[in-house]
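# Coordinates in review
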Amino acid sequence: MPCQFNAALWNADEDFFSSKEIKPIKQAGPHCVSTVLSMLTNQKPEYFQSSINTQDPVSWSIALNPFGIKLAYCPSDCRKIKFYADELVKINDLFLLSYYTSKNNNEILADPNDQGWVCPSHIVILHKSKIIDPAQGNETNIYEHKSLEKHAKRIFRVVPNNHPRGI
């Protein structure tokens, strides 16, 4: 049974970016965050690489502000993406999904090392029912994407700059 949320950010009646056109870009090197931000703004990934901290979503949201958008955290935990998929697709809008890529599930909940590192992760765009994956540089139906079996790290809804919620 899918999770059911009653938070304003999950309101299916709000339509912010369902008609936005997003062109897939294949990331070069370990730059999934800057590549995702570039796809949202039509900028080159390099535009963001010196201004963001890949482990700090607040810096991502600040970097998006000049383009009229920001990120809003959505209620989520470490469940697999498949448990969020139906509800996200039903909302039919624009989200960023970050998930852990470790093959060892025990590593996901382990304490971080001295540098704060837990395990690798990845971020993709969910636009309506399509995953736009910078690692692949393509668009795939969410129900066919490998992220379904991965554990959620963070889920964001992309909202307009003037939205009352967001980071």
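It should be emphasised that the depicted structure is a prediction, and the values quoted were computed from it without experimental measurement. (Residues numbered from 1 in each chain as written. Predicted model: local features only at pLDDT ≥ 70, side-chain atom pairs only at ≥ 80, totals over all residues. Heavy atoms only, no water.)

It is worth spelling out helix 1 (residues 32–41) at this point. The element helix 1 is extensively covered by neighbouring structure, given that ten of its ten residues are classed as buried. Looking at helix 1, one finds that the buried residues are Cys32, Val33, Ser34, Thr35, Val36, Leu37, Ser38, Met39, Leu40 and Thr41. At the C-terminal side of helix 1, asparagine 42 shows a positive phi close to 65°. (Buried < 20%, exposed > 50% of the residue type's maximum accessible area, 1.4 Å probe, protein only. Helix = DSSP H or I, 4+ residues; strand = E, 2+ residues; numbered from the N terminus.)

Let us now look at the packing of aromatic side chains. One pass over the full model with this rule turns up six aromatic pairs. Judged by centre distance (6.2 Å) and plane angle (55°), the rings of phenylalanine 48 and phenylalanine 67 are tilted. Note that phenylalanine 48 is positioned in helix 2 (residues 46–49) and phenylalanine 67 in the loop between helix 3 (57–64) and strand 1 (69–73), a separation of 19 residues in sequence. Note on phenylalanine 67: relative accessible area 28%, which makes it partly exposed. (Phe/Tyr/Trp six-rings, centres within 6.5 Å; stacked < 30°, edge-to-face > 60°.)

Attention now moves to the pairing of strand 5 (residues 138–141). When a strand is regular, its side chains alternate between the sheet's two faces. As judged from the four bridges shared by strand 4 (residues 130–133) and strand 5, these two strands associate in the antiparallel manner. When the sheet's bridge partners are listed, isoleucine 132 is paired in strand 5 with glutamate 139. (Pairing = 2+ DSSP bridges.)

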